[in-house]
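The chain contents come next:
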Amino acid sequence: MSKHSSGAKRLKNESIMKKPMKRWSPLFIGPTLVAFVIGFIWPFIRGFGLSFTKFRTTSDAKFLGFGHLFDNYVNAFKDPSFLHAFWYTALFTIVSVILINVLAFAVAYALTQKIKGSNLFRTVFFMPNLIGGIVLGYIWSMIFDGVLSHMNTSILLETKYGFWGLIVLLCWQQIGYMMIIYIAGLQAVPEDMLEAARIDGATKWQTLTKVTIPNVMPSITICTFLTLSNGFKLFDQNLALTGGQPFNFKADGSVVKTTEMLALNIYNTFYGQNTSARGTAQAKAVLFFILVAALGLIQLSYTRKREVEQ
Amino acid sequence: MAQNLNSKENKAKLILTIFFALLALIWVYPVLLVLINSFKVNTYVKTNTFSFPVGEMFAGFQNFLKGMTFGNYPFIKSALYSFLITIGSTVLILLCTAMTGWYIARVDDKFCRLIYLICVFSMVVPFQMVMFTLSKTADVLKLNTPWTIPVIYLGFGAGLAIFMFVGFVKGVPKEIEEAAAIDGCGPVRTFFSIVLPILKPTLISVGILEIMWIWNDYLLPYLVLDRTKFMTIPIHIQYLKGSYGTVDLGATMALILMSIIPVIIFYLSCQKYIIKGVAAGAVKG
C-alpha cells in the first residue's frame with residue numbers, strides 16, 4: 001500500500017493537506033458534530049442520567065438520592081411484564097437467528113451453484129426488505145387471520161400463533177437480506193481451493209464443511225450478529241402484528257402482554273397510562289442497551305476466533 | 001461416465017430451478033394478496049382472504065377512494081411528507097457524513113479518533129435508549145417538522161454512514177488529493193471536485209441504506225414529529241389500524257398497496273445498486 005512508501009515524503013505531504021483541512025474543520029465536521037450532539041450524544045447522556053431520577057417530563061426530573069440510586073432498576077426487575085418480555089424476546093431471537101441463518105445460507109449456497117434464473121430468484125427473495133415493518137405486520141395479520149378465522153380464532157387470541165406468526169414474518173423479510181450477504185461471501189471463496197478439494201476427491205459435503213464454511217466464516221459472523229440484534233431490537237413488526245396480544249390479567253391487577261417483546265415493553269412503559277413509571281422505563285432502556293451492546297461484542301469476539309484469515 | 005455424471009448434475013440443477021421457482025411464487029404471494037384484497041369489499045377480506053375479488057366481492061376502486069381520506073387525514077399528504085423527509089434526510093446525511101468521513105480518515109488526529117469511536121459506539125445503541133430524551137430535545141429545538149427532522153436523522157444515523165465513508169477513504173490513495181493541494185487547490189474544492197466523484201460507489205451504498213431505513217421508519221418520526229400536523233406513510237397506516245376499533249380492511253389494503261408501489265418501482269429500477277449497497281453495508285458494518 002502507498003501508505004508505507006517513503007516515510008519522509010509522506011510526512012511532508014501530510015502536512016500539506018492536514019493544515020488547510022483543519023482550518024476548514026467547522027465546515028467538514030461542524031454540521032455533523034452539531035447534529036450528532038443533538039441526535040445522539042446529548043439524548044444518550046441525558047437518558048442515562050434520567051434513569052436515576054423520578055420524572056414525568058425531562059424538566060421535572062428529581063434525583064432519587066444515593067440511598068435509592070437504583071430504585072428504577074429494582075422496579076424494572078420487579079416488573080413481571082418486563083421479565084416476561086425478556087424471556088419471550090430471548091426465545092424468539094434464538095429461534096429466529098437459527099432459522100433465518102440456516103435457510104438463508106442454504107438458499108445462497110443453492111443459488112451460487114450456477115442454476116438457471118438465480119438472478120431473478122435473488123431479486124424476489126430480497127424484495128420484502130424494502131417494505132417497512134408496520135406494513136409487513138398488517139400484511140401478515142391479514143394473511144394469518146384469513147387462515148385462522150376459518151378455525152374460529154385469531155392471531156390476537158393465542159400466544160403460540162403470535163409467536164410463530166412473527167417468526168414466519170421475520171423469515172420472509174430477512175432471509176433475502178442475509179442471503180445477499182452469504183452470496184457475497186460464497187462468491188469470494190477462492191476457486192482454486194474448491195478445485196483442489198475436487199481433485200483430492202472430496203465429496204460435496206466435505207467440500208462444503210471443510211472448505212466453503214470456514215471460508216465464509218466472516219459472513220456467518222456478520223449475519224449472526226445482524227439477526228441477533230435485529231431479533232432483540234424488533235419493534236415495528238411486533239407492534240403491528242399483535243401489539244402484545246393476547247393479554248394476561250393477573251390477580252394482583254398487573255397485566256402481562258404475552259407476545260410483547262422488550263422494545264415494545266419499554267415503549268409501553270414510557271407512554272402507557274402510568275406516567276410515574278417513566279423512571280422505570282428509562283432504567284429498562286439502559287438495561288436493554290447494555291444487553292444489546294454486550295451481545296454484539298461477545299458474539300463478535302467469539303466468532304472472530306474461528307474466522308479463516310486470508 | 002462423465003457424460004452420465006453431467007446429465008445427472010443437469011437434472012439436479014433443473015430440479016433446483018423448479019423448486020426455487022415455486023419458492024419465489026410463495027415469496028411474492030403476500031404482495032399479490034394485498035393487490036387482490038385491495039379490490040375486495042371490506043367484509044370479504046377476512047372471510048375470503050385467498051379468493052379473487054369476483055362478483056359481489058369486487059369493490060372496484062372504492063377502497064382506494066375511501067382510503068385517500070380515511071381517518072380525517074389525506075393519505076396524499078402523508079405520502080408527500082414521507083418523500084420530503086426521506087429525500088431531505090438522505091441528501092443531508094450524504095453531504096455531511098461524506099465530508100466528515102473524509103476529514104476523519106485524512107486528518108486522523110486524536111479528536112477524529114474520538115468521534116470515530118463514538119460513531120462505532122452509536123451503532124450498537126438501540127433507539128429505545130434515547131427515544132424519550134431525543135423527542136423532548138427535538139421539541140425544544142423545534143426540530144419536530146418534516147423540514148427540520150433531517151437534522152435528527154443526521155444525528156442518530158451518522159454512525160454507520162461515517163463508518164462506511166472512513167472505511168472507503170482509507171482504501172483510496174491520497175496522492176491525487178495531495179497533487180491538487182500542491183497545485184494550490186483548497187480543501188473545499190478538493191473535496192467537491194476530486195473526492196466526491198471518487199466516493200460515488202459509497203455514496204450510492206450509503207444512500208440506499210438510508211433511504212430504506214428512513215422511508216420505512218416508524219417510531220422516530222412518530223415520536224419526533226408534531227403528530228397533529230404531520231404524518232408519514234407508516235404512521236398513517238399504524239394510526240388507522242391502531243386507533244379505530246373496526247377497521248376497513250379493504251381500504252387499509254388499498255393504502256398498503258399504494259405505499260408499496262413506489263418502493264417496488266424504486267427496487268426494480270435500482271436493484272443492482274440496492275443489492276450491492278446492502279452487501280457493502282453489511283461487510284463493513
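Note that the structure is a prediction, hence the values are computed from the model and not measured. (Residues numbered from 1 in each chain as written. Chains lettered and ligands numbered in written order. Predicted model: local features only at pLDDT ≥ 70, side-chain atom pairs only at ≥ 80, totals over all residues. Heavy atoms only, no water.)

Notes on the overall build of chain B
Right, on to step 1. Along the backbone of chain B there are 14 helices and zero strands.
Right, on to step 2. Listing the helices and strands of chain B from first to last along the sequence gives α-α-α-α-α-α-α-α-α-α-α-α-α-α.
Right, on to step 3. Since a compact globule built from 285 residues should have a radius of gyration of about 19 Å, the 24 Å found for chain B marks it as more spread out than a globular shape.
Right, on to step 4. Along the first, second and third principal axes, the C-alpha atoms of chain B reach 75 × 75 × 35 Å.
Right, on to step 5. Looking at chain B as a whole, 54% of its 285 residues are labelled buried. (Helix = DSSP H or I, 4+ residues; strand = E, 2+ residues; numbered from the N terminus. Rg over C-alpha atoms; globule rule 2.2 N^0.38 Å. Buried < 20%, exposed > 50% of the residue type's maximum accessible area, 1.4 Å probe, protein only.)

Observations concerning the overall build of chain A
Right, on to step 1. Assigned secondary structure in chain A consists of 14 helices and four strands.
Right, on to step 2. For chain A, whose C-alpha radius of gyration is 25 Å, the value lies well above the compact-globule estimate of 19 Å for 310 residues.
Right, on to step 3. C-alpha extents for chain A along the principal axes are approximately 70 × 65 × 30 Å.
Right, on to step 4. Counting every position in chain A, which comprises 310 residues, the buried fraction comes to 53%.
Right, on to step 5. For chain A, the share of sequence-separated contacts (at least 6 apart) that also reach a separation of at least 24 residues comes to 70%.
Right, on to step 6. Only carbon and sulfur atoms are counted for the fraction: they give 65% of the accessible area of chain A, which is about 14,700 Å².
Right, on to step 7. When the 28 positive and 15 negative side-chain charges of chain A are each reduced to one mean point, those points stand 10 Å apart. (Contact = heavy atoms within 4.5 Å. Areas by Shrake-Rupley, 256 points an atom, 1.4 Å probe, with all protein chains shown as cover. Lys, Arg positive; Asp, Glu negative; His and termini not counted. Charge placed at Lys NZ, Arg CZ, Asp CG, Glu CD.)

With respect to the layout of surface pockets
Right, on to step 1. Volume-wise, the second largest pocket comes out at about 1,200 Å³.
Right, on to step 2. Lining of the second largest pocket is provided by 34 residues; of these, Y109, T112, Q113, K114 and K204 of chain A occupy positions nearest its centre.
Right, on to step 3. Of all the elements in the fold, those that place two or more residues in the lining of the second largest pocket are helix 5 (80-111), helix 6 (118-126), helix 8 (159-187), helix 9 (191-199) and helix 10 (204-215) of chain A together with helix 1 (2-37) of chain B.
Right, on to step 4. The element best represented in the lining of the second largest pocket is helix 1 of chain B, accounting for twelve residues.
Right, on to step 5. In terms of residue class, the lining of the second largest pocket is built from 20 nonpolar, six polar and eight charged. (1 Å grid on protein atoms, 1.4 Å probe; cavity = no way out; pocket = protein on both sides within 12 Å on 5 of 7 lines; lining within 4 Å. Points joined across faces, edges and corners; volume = space filled by probe spheres on them. Nonpolar A, V, L, I, M, F, W, Y, C, P; charged D, E, K, R; others polar.)

Looking at the interface of chain B and chain A
As a measure of interface size, the accessible area lost when the parts come together is often cited.
Right, on to step 1. Across the contact, 97 residues belong to chain B and 94 residues belong to chain A.
Right, on to step 2. Each partner contributes to the roughly 8,400 Å² buried at the junction of chain B and chain A, and carbon and sulfur atoms together form 79% of this total.
Right, on to step 3. On the chain B side of the contact with chain A, W27, M129 and F132 of chain B bury the most area, a combined 10% of that side's loss.
Right, on to step 4. At the boundary of chain B and chain A, one finds one salt bridge.
Right, on to step 5. K22 of chain A serves as the salt-bridge partner of D109 of chain B, at 3.5 Å between the closest nitrogen and oxygen.
Right, on to step 6. If you look at where chain B meets chain A, you find twelve residue pairs in polar contact (both at pLDDT 80 or more). (Buried area = accessible area lost by both parts, 1.4 Å probe. Salt bridge = Lys/Arg side-chain N within 4 Å of Asp/Glu carboxyl O. Polar contact = N/O pair within 3.5 Å; in protein donor to acceptor, adjacent residues only side chain to side chain.)

Quick word on the domain arrangement of chain A
Right, on to step 1. We note that the domain assignment places domain 1 (8-50) and domain 2 (74-309) within chain A.
Right, on to step 2. The centre of domain 1 of chain A, based on its C-alpha atoms, is set 35 Å off from the matching centre of domain 2 of chain A. (Domains from an automatic or database assignment.)

Some thoughts on the packing of helix 8 (residues 175-182) of chain B against helix 9 (residues 187-198) of chain B
Residues and elements named next belong to chain B.
Right, on to step 1. Between helix 8 and helix 9, the shortest axis-to-axis distance is 11 Å and the interhelical angle comes to 165°. Between helix 8 and helix 9, the crossing angle belongs to the class labelled roughly antiparallel. The element helix 8 and its partner helix 9 pack so that their crossing is right-handed. Of the residues in helix 9, those touching helix 8 at I176, E177 and A180 are T190, I194, V195 and I198.
Right, on to step 2. Looking at the contact of helix 8 with helix 9, its residues break down into five nonpolar, one polar and one charged. (Axes fitted to C-alpha atoms, helices over the stretch in contact; angles between N-to-C directions. Parallel < 35°, antiparallel > 145°, perpendicular 65-115°, else oblique. Left-handed = near helix turned anticlockwise from the far one by under 90°.)

Some details on the pattern of salt bridges
Residues and elements named next belong to chain B.
Right, on to step 1. Inspection of every chain in the model, using the stated rule, returns seven salt bridges over all chains.
Right, on to step 2. Residues R113 and D108 are paired through a salt bridge, measuring 3.4 Å at the closest nitrogen-oxygen approach.
Right, on to step 3. When its relative accessible area of 28% is taken as the criterion, D108 is described as partly exposed.

Remarks on a nonpolar patch on the surface
Right, on to step 1. A cluster of nonpolar side chains, V147 and M151 of chain A together with Y29, L32, L35 and F50 of chain B, forms an exposed patch at the surface whose accessible area comes to about 520 Å².
Right, on to step 2. It is helix 1 of chain B that provides the largest number of residues to the nonpolar patch, a total of three residues.
Right, on to step 3. Structurally, L32 of chain B can be placed in helix 1. (Patch = residues over 30% accessible without salt bridge, like charges linked within 9 Å, V, L, I, M, F, W, Y side chains within 5 Å.)

As for helix 6 (residues 127-140) of chain B
All names here are of chain B.
Right, on to step 1. With 14 residues, helix 6 extends 19 Å between its outermost C-alpha atoms, agreeing within 8% with the 20 Å of an ideal straight helix rising 1.5 Å per residue.
Right, on to step 2. Burial analysis of helix 6 places eleven of its 14 residues in the buried class, which makes it a mostly covered element.
Right, on to step 3. If you check which residues of helix 6 are buried, you get F127, Q128, M129, V130, M131, F132, T133, L134, S135, T137 and A138.
Right, on to step 4. Positioned one or two residues after helix 6, K142 has a phi angle of 60°, which is positive. (Expected span 1.5 Å × (residues − 1).)

As for the packing of aromatic side chains
Right, on to step 1. Throughout the structure, instances matching the rule amount to 44 aromatic pairs over all chains.
Right, on to step 2. Ring centres 5.5 Å apart and planes at 20° place the aromatic pair F36 of chain A and F40 of chain A in the stacked group. In this pair, F36 of chain A and F40 of chain A are both assigned in helix 3 (residues 30-50), four residues apart and thus about one turn of the helix distant.
Right, on to step 3. In this structure F40 of chain A comes out as buried when scored by relative accessible area, which is 2%.
Right, on to step 4. Plain terms: the ring middles of F48 of chain A and F52 of chain A are 5.7 Å apart, the flat faces sit at 80° to each other, and that makes the pair edge-to-face.
Right, on to step 5. Overall, the relative accessible area of 39% leaves F48 of chain A in the partly exposed class.
Right, on to step 6. By way of ring pairs, the aromatic residues F55, F235, Y267, F270 and Y271 of chain A together with F132 of chain B are connected into one cluster.
Right, on to step 7. Directly above the aromatic system of Y116 of chain B lies the positively charged group of K170 of chain B, at a separation of 5.8 Å from the ring centroid.
Right, on to step 8. Across the ring face of Y222 of chain B, the terminal group of R227 of chain B is positioned such that the distance to the ring centre comes to 3.9 Å. (Phe/Tyr/Trp six-rings, centres within 6.5 Å; stacked < 30°, edge-to-face > 60°. Lys NZ or Arg CZ within 6 Å of the ring centre and 35° of its normal.)

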